[in-house]
Every structure is written in structure tokens, then in C-alpha cells.
Number of protein chains: 2
Amino acid sequence: MGYSDLDKLAVNTIRVLAVDATFKANSGHPGAPMGMAPVAHILFNKFMNFNPKNPDWVNRDRFVLSNGHGCMLQYALLHLFGYAISMDDLKSFRQVGSITPGHPESHDTPGVEVTTGPLGQGFANSVGLAIAQAHTAAVFNKPGYDLINNYTYCFFGDGCAMEGIASEAASLAGHLKLGNLIAIYDDNGISIDGDTKCAFTEDVSKRFEAYGWHTLEVKDGDNDWQAIEDAIKKAREVTDKPTMIKLRTTIGFGSKQQGTGGVHGSPLKEDDCKNVKKIFGFDPEQSFVVPQQVYDMYHKKAAEGAAMEQEWNQLFQKYASEYKAEHADLARRLTGKLPEGWEKSLPTYKPSDSAVASRKLSEAVLEKIHSVVPELLSGSADLTGSNNTRWKNAVDFQPPEYGIGDRSGRYIRYGVREHAMAAVMNGLAAYGTVIPASGTFLNFVSYAAGAVRLSALSHVRVIHVATHDSIGLGEDGPTHQPIETLSHFRALPNCMVWRPADGNETSAAYYSALTAKHTPSILALTRQNLPQLEGSSIEGALKGAYPVLEASNAALTLISTGSEVNICVDAATFLKKHGLTVRVVSVPCFEVFDSQDKAYKLKVLPDNVPILSVEAASTMGWERYAHEQFGLNRFGASGAYKDIYKKFEFTPEGISKRALATVDFYKGQPVRSPINRAFQQIL
Amino acid sequence: MGYSDLDKLAVNTIRVLAVDATFKANSGHPGAPMGMAPVAHILFNKFMNFNPKNPDWVNRDRFVLSNGHGCMLQYALLHLFGYAISMDDLKSFRQVGSITPGHPESHDTPGVEVTTGPLGQGFANSVGLAIAQAHTAAVFNKPGYDLINNYTYCFFGDGCAMEGIASEAASLAGHLKLGNLIAIYDDNGISIDGDTKCAFTEDVSKRFEAYGWHTLEVKDGDNDWQAIEDAIKKAREVTDKPTMIKLRTTIGFGSKQQGTGGVHGSPLKEDDCKNVKKIFGFDPEQSFVVPQQVYDMYHKKAAEGAAMEQEWNQLFQKYASEYKAEHADLARRLTGKLPEGWEKSLPTYKPSDSAVASRKLSEAVLEKIHSVVPELLSGSADLTGSNNTRWKNAVDFQPPEYGIGDRSGRYIRYGVREHAMAAVMNGLAAYGTVIPASGTFLNFVSYAAGAVRLSALSHVRVIHVATHDSIGLGEDGPTHQPIETLSHFRALPNCMVWRPADGNETSAAYYSALTAKHTPSILALTRQNLPQLEGSSIEGALKGAYPVLEASNAALTLISTGSEVNICVDAATFLKKHGLTVRVVSVPCFEVFDSQDKAYKLKVLPDNVPILSVEAASTMGWERYAHEQFGLNRFGASGAYKDIYKKFEFTPEGISKRALATVDFYKGQPVRSPINRAFQQIL
């Protein structure tokens, strides 16, 4: 017990590294690392289990820096413990090509669990990590085999505390009684606008208690290190609730400007850097210095972590003999590979099969595959019956004491909390043992845009089941009918937007989403019924675009997605009668089609045939594939869906009118396929 | 005191109208109207001031139905009081062409203050309405002239209570001590997934107390009408805090399925409709019946409201004689017109003026115009120093007791609450006496996407100051660098996205945003400095696109926005040296350019000249104006902005390389301007 001079030296080393790195980068946030160095030092050294040589060890404790702008704290810790972050990496903080970007990115930096910085996201990610832990423990732990028992620790600041996404996630975590989740609130009273009292006077602890959290307070987080240790210890003892520790710290501790907004988002001035070093017993003329005894202390802890993993590996080996199937399942999950042959369970359809809404087709997929893909965790933001995300015998993920589910349950009731849901899914995926999918209306994926963006940037496999995907949802009207949403997410890098046209394409969408280990997917699904197309196939759909109606010497290509493809096929029949031959291409996923080779793409969208796109949404982006675009660059309407489709002319007749205009417009003109480009995009 | 049989009849009339309308529409939400009819009846008849013959009377009490799916409640009330909603309108509930859409839309329906349905939005709008009331009162009320003293009442349900946007707004409202805001929580325990206990077990009252609200509870909102009345009365007496009344009701009161999820989002079955009518003493065989005495009662209340407005008008006339300037100012504001000649204050720039970041240019506009446009209310989501949204002598809008501002203050500290900020702005704009503008990073406007969408759908004049608009923000890195955001909001109907290239264009953006009475604007502004262009002008920019570098016989048109325009001009110089003449078009606003006539558009983007677009963001949508696109269809990088621009080749050399490739690609090909289209879009 008690803290030695070596502890103080270590804490001050972290502070000085943050000062040096931000000063050298001439950019960044020294204040939070300087204020939170004590709690970080205590948490990592006294409580956390991890092995820097294997950042992927499944039972490691998870650490999330939700106030990601303080990332020099995290980078310094990772360096000191011996993760693959060198002193040179710290010196190239915030420079092009470095693995120490301005905010932590899980895809780039070993030891960073989730991508944070956009405020509130990390907090919600940590709820996802904690859910994954509780679920995985419930599935795999056996008497004598406490395989999965890690904690999730989250640091968050005032900014995170103000964000709605964190409120949503905190309410959900309280409901779910996630005992292994410990969130430490850096209550430093300063945000970018200065004193937080200009906008934020609520009682944060009381609010967390209202959510069902256990709360603790440390009044002097700068100096009372024993109180910090005691609080974390107490938090770990409370197993039926998550704990929030309100930790009062001084931002920029040690700086001349400590406790002010001046140290939040700008490096210290040169004389202040020297001043800080003097105060903390460092040579003011030297930079990026780590005393050997600090390395020794941290490396000793790292070695203990490695030994702990070793022990765990032995236990897991032993588990193999007693619980062969479970061992194989967990081992497989950790590779990210799906069970051999799972895809045989995907339903296929014949044209004679009945017309079904793609949200129901999605349900059929889940019904078929849930037993062969045990890592799939479904859920919905309070739209279960509308999103069709729940298979019949699903069990809810709930604390067992409610009597409505248990920890092994694979269906999460997210509540009406779309933004948190998406960020929780990012945390679930980051844990490494589950694949999350969850539903809301496509229009309300926009509420979650901040988190979906981070799904893409973090390269995680999450599935957004986005039903009611157009004006076809009907009576709910323009407030619920997406117009801009498909364009929005198609413009987002590393995000697959699938809009399947029928059953085979829905199966393809799931195949693609489940096998894309490093890419999130949005499945845009209809409320209204869709016929099974004559020309559809899983194989075709998996190329992103393919002809569902081929014709040699066609005068026009119609290109379309989802619920409009069958109307295009009808338009083709209609036009045929009037002497015009058209072919129809379905493009269920832009991103996948873009990744095909040029020869294939030109086969799908050949030269010398004008192309008209048809989609009941914004035309933005369709120019990429089509010479002319038929869409909806206005808000929709409230009414029966057939009436709305008629109003906006998404009918065989309406399409045919524009098809004829397009053919006419290009008559006598050479027509180059838009697949031909003058130069390649930077990717 | 006490409630008569007539009151009961009125309440049941509302219930039965909701049952009839949803049954006829075969769609909709009868449950909430049936449960909330008593509180609505009491609130509207005993407390609210309004004149159905003039829904725009400025001092009317505002009513917001945040659980907008219950809109048959609102439509029934508006009809009964004699707003311009006929019985036929109720009969065409949720039908194409009706003014009674599936969720309330303020632009369509007289008496609907704000557009609700997407959960949580209305709650945050009501905070905006209450801020506008408090501010307008502080500016215009004088001794003896309590001109502005209305209340804002908001109904909200469990769904709203779960949404982060409502949490953010509630925290802000508590901080701001909005005494005239009364929110009534329909605690019916049912959401779409059934019992709210499956996801929502927090203590909502305690949470609101933590935010600084006054809370009350009515345990039997079905039957204890006196308790409802007493609670609202008490709420009005508390003037230093907003009040939340937790009202326990039974969803679908009177239905066989009352208190269950079965009455939430589906019409009652025919026999249940009859059953309800029987219970409430209506003829089961008749529909859409309003007893004359109910009309009489409601029309009497309406007449009292008309008289009250009459009285107010007389007071306002008298005010004119004593406070001429204030009277003229308020009267003008209510027309939505800006003060005569205000635009003369907009700064203009010469090419010799120094290079300035457009966020600073925006600040210069605010500095110049704030005194001539007194209705402009600025603010920021805790990024004041980065967004440059605050003029020097601005006063914060704060409760005076904090000592850091007052109610007349025109600068709102929104805290780190982007989603609520945008929705609060929608409420501010809807009030009718102020024009809200506020800042965050462009990337975090995505957090507010749900509310920005409703700005557009509601036709309100709000200004989103969106700084740090590209990879040009530099070191903060990919988590903060927008890629998809411009495409996203350009695809949103009725939303102007401005990305000005220099000082003149920034002034043009403000001119456009401030004079667009029915359209929100997003101003995408740089962190980095931009030179003042030789060819820029306010007039040109106000056409949406115009040549900033003209050249006859040009081999190529470069089209670009914002920070990339000056690089295109440099590329033109570079190419000129290599024998290629190119012209440069700046397109600061797609939406405005699209609205120009074809002749003008063809002058800007003429036939026979290939067009290459250049923007450091997703190319999605640029195909509308350019044959080839140079952009960034991947995430950015963390580093000094010049290094990042170099990495991604947004340099004169990088542009020139692609310009040459484009010219080469189109050599010998006829080139039709993309302005030529085969057919017109439906608008």
C-alpha cells in the first residue's frame, strides 16, 4: 500500500511525455493527460490485466479513452508498457504516416481497443465491450473455468458527459446491470468554452444513480492517490451495477495554466514546458525522456500480464479436454472466421415463390442462420416487430433477475437509442467474440451517423438492419421516409450499403455482411412486399451489380436497387410491347460493384447503351453509373405506399416515359459507359 | 372547479375521433391519443392561450407533441377548437394530399408549431421555443407591457425520454432555468417492444431533478383530472426552473387492449372500435361524430383566445406610442424580413486583402452584421473559439443569477450537445422572433443529422456554422475530418450547403442564408487560410456557381468549392505555362445553382468543354456537374494540413495531372455539358 517516489516519477513521466509530444507536434491536448496521469498509472498498474506482447488476448481488461483528445495519455502508457509503440512513434505524434494520430484509432495502433475522439462514442463502446464480456462469460464459462471475467474501464470527460449518445448508453448499461463496467469521469470543470458551468450545471452523479449505476466520488484526484485506488477497488466489488467514479482533477496539472481552458487544446508554451519539467524533477533542456526505473516498473507489470495470459492459455487448453465443442467454438470465433458451411443455411428463392417484404426476408435469414452462426447477436432500437430482427426462439440478453432473459441471450433490447446502439455494436464487435446486428428504420440510422462513421473508420464487422427504407413505408410520412440516407452512407468510405431487390439478394447481403471482417454493412430493407425476380441470384448480387434482365441489342439499360428493380422489370415488359428493348441491372451494393474489375463492370454497363437509374430516393451519386437519373430530390408524402409510388411516378409507365426520353436524348450520340474514367481515384 | 359530464364527453370525443381516424386510415397510433386525451383537454381548456383564427399570434402558448405519432390527438384538438382543419381533413388522415400526415408537419398544418415524430425532436424544439420566449421577453417587455409571457408545453413519451437528443436538451433547459417550459411525460409504460421495462428501468424524475428541473407526479392520469390540473397549476408557479410532470396513463384507455403494445401503433379492430364507442356513450354504428355541445365548449374557449389576442393587439398598439423603436423592431421581426439595408454591412474583399480562414471570415460577417440584424442569435456546441461564432461584445444568454450573462444575451452556450443544438435552433426559428445560428465542426453536424433533416422538412431559417470542413483541419485526424458530410447534406432536399472559397463568397453565403426564409443553411468553413480570389464576387456566388477564372477557347473547366478553388486557380496558371488553357468555376452552393435557369447554367458549364471537379471530400454527387471527379473516397490522415493535401495530391500539380488526363480522355469526343438532361426531375 502507499505510493512511492517511483510511482510519482512514473506519473510525472507520463505528464512530461504528453507535454513534449504536443509541443513537438505544435498541436494536441496536453491538459487531460496531465490531469489523468495519476488515475491511469494506478488503474493500469494495480488493477488491469493485459499482455502488451499480445494485445488480442481475449480476457484482457479493456481500456477505453472516451475523451480521445487526451490520447497522448494512452500512447504514453502503451509505450511504457512495451506495446509496439516506439519513442519515435511518440515523437511523430499527429504527423502524416504515424501510428499516433490526433485521436486514437483502433485500426492503426496496437493496444487501442476502439476509435475515440468524437465525444461520447468511447463511453458507448465501453458498454458494448462490457455486454460482450458478460455474454461471452455466460456462454463459455464453466465451473472451474472462469475463462472470461475481464473488466471494462472507461475514462470520460465533461464533453462525453454532455453528449446524448453517452446518456443513452449509460441508461442502457444501468438497465443491464453491467457489473464489470467501471467508468471514471474526469470532472475537471473545463471544456473548450472554458468553465463548464457556462453550459453544464447538472448533478452528474445523481443522473447516473437515476440510471441505476453505483456512484463514487474522489474529491482530490491530483493528490489523494489512495482514494483513487480505494474507489476502483470498491467499484470492482459491486457486481450487480456498473460504477461511475467522479474524479475531481486539475486539467494541465503542473502547468502555469493548470485548471484553465488554456491547457485543454493547445500545447504549452516553451517556458511552461520547461517549468513543468523543473517542477517534476526533469531536465528542462531535454525532451522525450523516460527514466529507466519507470521503464523497469512498467515492464515488470507487462511481464506479469504475459504470465497471466500464459496461465489463461493453460486453462483454456485444459478446457479443451472437458468442453471440446465450446473450446472449438471460442477458438474459432477468435479467428473471426464463420463456421464451415454456414452459408448453406442461407435461403434461396425461385421466381414462383411468393412476394415478401425484404424485412421479412431478412427475418427468414436470421431464422435459418442463427443456430449455425452462434456469435450473431441481434437486437433493435424498440422496433423489434417492425425490423423483424428477432428469431422465434430468441432469448433476450438481460440480467436474469428480471425474469425476461439471461446473460447468454442473443437478442438485445436497445430501447429507443439509435446512436448508442450503433456505438455499442462497435464495442461488441471490438470485443472479438460476437458479431452484432441490430435494427431501426433506415431514416433513423441518421441519428446514429456519428457511430456508423466510426464503424467504417474502425473496420469493424457490424450489421445495421435498416428497414422501412423509402417512401414505400407509406403512411408514416415524410418525417420517416429517407431521401438522402442512401447517398449519405454510400459516400462514407468502407461502408457497404446493401439494398436487396428480393430474397436471393437479401441472402447475398447477409453473406457479404457476415464475411466482411473489416467492413460494416447497412442493409436497407422494405416494409412492402417484393416479388422474387426471374433473373436474381446470390452469385450475381455478390458482384454488387448484375443484369437481372439481359437483352442483346438493348436500346437502354435500366439500373436500379431494391423495391424499384421489379418495377423496372415491369417497365421493360411495357416498353417491349411498344417496341423498345431494354435490359435491367440490379445494383444491390455500390461499394461491392466498385471493387469489381473493369471488364466485368463494362459487361454490366456496356458502352453504346444509354443508362437510366431508378431509385425512390435522392439521385445524388447515381450519375456514377447512369447517364440519366430518375429519383426523388424532394421529401415524400404520407399515404398508402401504392398511392405515393403513383404520385411520384415510380410505376412501369413513369419509368417508361423517362426511358423513352433518355433513348431519344442519346439518339445519334456516341454513348460511353460511365465505367470508363479518365483517371483512377486515390484509395 | 371539478369536471362535468361535458368535460368527459369532450375527452371521449377526442378518443373516439382518434379511433375512427386510425381505423379509416388502416394505420396510425390510437393508443397515445386515448391515454392523453384528459391531460390535453385540461391543458388546452384551462391553461393555454391561443387564437385558432390566427395561429401566428406571437404571444400564444406553444404546444409541442414530441411523441408525434400520437398526432390524431393534436389534429382532433385543432379541429375542435376551429383551426383550419376540417372533419374531412380528419377523415383523410394519413392519405396522400391531406394536411393530416402520419406525423405532424408544421409547414403543412395550421396550429402545428414544429414537425415531430422522430423521437426526442419535439422535446428539444420546445426548449428552443422556451429560450426564444425568454429572450424575446427580455428584449421587448417593459414596465406595464408584459408583451411576451407565453408558456411552452410539451408532451413526450417513453421513446422521447430514451433518446439522447432529449437528454441533451433537458440538461440545457435545466441549466438555463427555463421557468416557462412545462413538459408532461406520458409515462404509460409501453413502447413498441412492449413493456418499457425490457430496456428502460431508470428513474426519469430523478434524472430530470439531476438536470435542475422541478418535477411533479400524477399517479392516475386516467381518472384523477383534478390532480392533473393541480400539477399544471403548480408547474406554472415555479418560475425559476422548467417543470417535468410525470403522468401515469393507460395507453389505449377504453380499448379491450388498453395498457398493452397492441394499441400503440395499429388501429383497433372493428369490434373494439364499437366497444370503445359503447363504453364512451357513442353510437357504435357511427363514425367521426362530434356532439354539438363539445364544439360549443371548444369554440367558446377559442373565442376567449381571440379576445385575448385582441387585447394583446391593443397593448401592442399602445406600446408603439411609448416604445416606438422596439415596436417597429418586433413588428418587423414578425414579418420575417430583415432590416432595410442590412446587407450593406456585409464585408467585401479585394484580391490584395490578406488570406484568411473562412471561419474567421464568418466571424468578420457576424462582427459587422450583429448590430444591424438584432434577431440573430449565435452560439456554439462548446467550440466557440474554434467556430469563431461569437462577436466581441456579445452577451451570453444565461439566467442572470449566474453572473455570466442575461436573458437578453444573444450568444447561446449549447454545451457539447450537437443534436439538441440543431433541434433547439428549429424551435428558436419556429418561435418567429429570432434567427438562430450556431457552430460545431462540419463532421459533427452528422451528430445532428436527425434535427437538420427536420430543419429542411419544416422550412425553417436556421444557420449551421460548420467549421473545420475537410482534411484541411489537419492534425485532429480522420475521426474529425468529414468525407461524406457534404454529399450527405447536399442530398437532403431544401437544405443549402454553402462552401465559400473566400471573403466575398462567405458574405454571399450569409446573405443567402439570412434571406432564405424557408430554408436552412449549412456553412462549411475552413480552419486554414484562404486567399481572396481575383475573380470572386458576392453577385456571382449568389448564383450558386460562376466562373472565377474565365477563358475563351478553354480546353477544360475546373469546378470546385471552398479551399480547393484557389488551388484550381493555381493549377490553371501551372497548366497555362504548359500550354493548356483552363477556366475555373466556383460552385459555393449546389442547391442555389440548381435553381438557376438553363441558359445561365450552360454559360457556366458550356458544351464542348470537358469538366473536372475538385473537392477534398467524397466525389459522390459531383458527376452532376463534372465529367470527371477528383476527390477523396477514403478517410483522411492526421498531420499538418499542407502535408495531408500533398499526400492526397490536392496541389496544383496533382490537379494538373488529372486535368491533362481528362483533356486527353475526351479528345476527339463530342462533349455535352451535364447541364443537358433527358428529362426534368420531380420537385
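Residues numbered from 1 in each chain as written. Chains lettered and ligands numbered in written order. Predicted model: local features only at pLDDT ≥ 70, side-chain atom pairs only at ≥ 80, totals over all residues. Heavy atoms only, no water.

Participant: Just checking my understanding: could you explain the overall build of chain A for this structure?
Facilitator: A count of helical and extended segments in chain A gives 25 helices and 20 strands. On C-alpha atoms alone, chain A measures out to a radius of gyration of 28 Å, which is about the 26 Å that the 2.2 N^0.38 rule sets for 683 residues. Taking the principal axes of its C-alpha atoms as reference, chain A extends roughly 90 × 55 × 45 Å. Expressed as a percentage of the 683 residues in chain A, the buried residues total 69%. (Helix = DSSP H or I, 4+ residues; strand = E, 2+ residues; numbered from the N terminus. Rg over C-alpha atoms; globule rule 2.2 N^0.38 Å. Buried < 20%, exposed > 50% of the residue type's maximum accessible area, 1.4 Å probe, protein only.)

Participant: Could you clarify how one ought to interpret the packing of helix H11 (residues 292-322) of chain B against helix H12 (residues 324-335) of chain B in this entry?
Facilitator: The relative placement of two packed helices is expressed as an angle between their axes plus a distance between the axes. Residue and element names in this part refer to chain B. Relative to each other, H11 and H12 sit at 130 degrees, their axes nearing to 5 Å. Classed by the angle they form, the pair H11 and H12 counts as oblique. For the pair H11 and H12, the contacting residues are Phe316, Tyr319, Ala320 and Glu322 in the first and Lys324, Glu326, His327, Leu330 and Ala331 in the second. Residues of the contact of H11 with H12, tallied by class, amount to five nonpolar, one polar and three charged. (Axes fitted to C-alpha atoms, helices over the stretch in contact; angles between N-to-C directions. Parallel < 35°, antiparallel > 145°, perpendicular 65-115°, else oblique. Contact = heavy atoms within 4.5 Å. Nonpolar A, V, L, I, M, F, W, Y, C, P; charged D, E, K, R; others polar.)

Participant: Help me out: how do you make sense of the relation of the copies chain A and chain B in this one?
Facilitator: For the pair of chain copies, the relating operation is a rotation around an axis with a shift along it. Mapping chain A onto chain B calls for a rotation angle of 180 degrees and an axial translation of 0.0 Å; the resulting RMSD is 0.0 Å. What the rotation and shift describe, once combined, is the action of a two-fold rotation axis. An overlap of 100% is found between the interface residues of chain A and their copies at the interface of chain B, pointing to a shared contact surface. (Least-squares fit on C-alpha atoms with pLDDT ≥ 70 in both.)

Participant: When you look at the interface of chain A and chain B in this model, what are you seeing that I'm missing?
Facilitator: Interface size, as often reported, equals the accessible area lost upon joining of the parts. Counting residues at the interface gives 116 residues for chain A and 116 residues for chain B. Of the roughly 10100 Å² buried where chain A meets chain B, counting both sides, 57% is carbon and sulfur surface. Joining chain A to chain B, the criterion identifies twelve salt bridges. Measuring nitrogen to oxygen at the nearest pair gives 3.7 Å for the salt bridge that ties arginine 677 of chain B to glutamate 628 of chain A. Linking chain A to chain B there are 63 residue pairs in polar contact (both at pLDDT 80 or more). (Buried area = accessible area lost by both parts, 1.4 Å probe. Salt bridge = Lys/Arg side-chain N within 4 Å of Asp/Glu carboxyl O. Polar contact = N/O pair within 3.5 Å; in protein donor to acceptor, adjacent residues only side chain to side chain.)

Participant: Explain the sheet that holds strand E6 (residues 214-218) of chain B here, please?
Facilitator: By definition, the strands of a sheet pair up through backbone hydrogen bonds, in either a parallel or an antiparallel sense. Residues and elements named next belong to chain B. As summarised here, the arrangement of the five strands in space is E1-E2-E3-E7-E6, forming an open sheet in which the pairing is parallel. Of all the strands in the sheet, just strand E1 (62-65) and E6 have a single pairing partner and so form its edges. For this sheet the average axis-to-axis angle between neighbouring strands, irrespective of direction, equals 15 degrees. Judged from the four bridges that link them, E1 and strand E2 (residues 152-156) form a sheet pairing that is parallel. (Pairing = 2+ DSSP bridges.)

Participant: Could you clarify how one ought to interpret the domain arrangement of chain A in this entry?
Facilitator: When cut into domains, chain A gives domain 1 (5-306), domain 2 (342-530) and domain 3 (542-666). Placing the centre of domain 1 of chain A and that of domain 3 of chain A at their C-alpha centroids yields a distance of 51 Å. (Domains from an automatic or database assignment.)

Participant: I keep staring at empty space enclosed by the protein and nothing clicks. Help me out?
Facilitator: Take a probe with the size of a water molecule and roll it over the atoms, and the empty space left behind shows itself. Applying the stated criterion to the full structure yields 15 cavities of 30 Å³ or more. What lines the largest cavity is a set of 30 residues, and nearest its centre among them are His627, Tyr666 and Arg672 of chain A together with His627 and Tyr666 of chain B. Elements represented by at least two residues in the lining of the largest cavity include exactly strand E20 (628-630) and helix H25 (652-666) of chain A together with strand E20 (628-630) and helix H25 (652-666) of chain B. Class assignment of the residues belonging to the lining of the largest cavity gives a composition of twelve nonpolar, ten polar and eight charged. (1 Å grid on protein atoms, 1.4 Å probe; cavity = no way out; pocket = protein on both sides within 12 Å on 5 of 7 lines; lining within 4 Å. Points joined across faces, edges and corners; volume = space filled by probe spheres on them.)

Participant: Could you clarify how one ought to interpret the packing of aromatic side chains in this entry?
Facilitator: Geometry of an aromatic ring pair is reported as the spacing of the ring centres plus the angle between the planes. Within this structure, the stated rule accounts for 71 aromatic pairs over all chains. Between phenylalanine 81 of chain A and tyrosine 298 of chain A, the ring centres sit 4.3 Å apart and the planes meet at 35 degrees, which makes this aromatic pair tilted. Taken together, the positions of phenylalanine 81 of chain A in helix H3 (residues 71-81) and tyrosine 298 of chain A in helix H11 (residues 292-322) put the pair 217 residues apart, joining distant regions of the chain. Of the two residues, phenylalanine 81 of chain A and tyrosine 298 of chain A, neither departs from the other in class, the shared state being buried. Ring geometry for phenylalanine 441 of chain B versus phenylalanine 444 of chain B: centroids 6.3 Å apart, planes at 25 degrees, classification stacked. Here phenylalanine 441 of chain B falls in the buried class, since its relative accessible area comes to 6%. For phenylalanine 444 of chain B, a relative accessible area of 7% corresponds to the buried category. Here the aromatic cluster, defined as three or more aromatic residues joined through ring pairs, consists of Phe44, Phe50, Phe63, Phe81, Tyr83, Phe155 and Tyr298 of chain A. We note lysine 543 of chain A situated over the ring of tyrosine 600 of chain A; from NZ or CZ to the ring centre the distance is 4.9 Å. (Phe/Tyr/Trp six-rings, centres within 6.5 Å; stacked < 30°, edge-to-face > 60°. Lys NZ or Arg CZ within 6 Å of the ring centre and 35° of its normal.)

Participant: What exactly am I supposed to notice about the UniProt feature "site: Important for catalytic activity" (unreviewed entry) in chain A here?
Facilitator: Here the UniProt feature "site: Important for catalytic activity" (unreviewed entry) sits at His29 and His264 of chain A. Maximum C-alpha separation among the annotated residues is 5.5 Å over a sequence range of 236 residues, consistent with a single clustered spot. Considering the arrangement of structural elements, one finds histidine 29 of chain A in the loop between helix H1 (5-25) and helix H2 (31-47). By relative accessible area, which is 11% here, histidine 29 of chain A ends up buried. Beyond its immediate sequence surroundings of up to four residues, histidine 29 of chain A is in contact with Thr22, His69, Gly70, Arg94, His264 and Gly265 of chain A together with Asp476 of chain B. (UniProt positions renumbered as here; feature names shortened; annotations may be inferred.)

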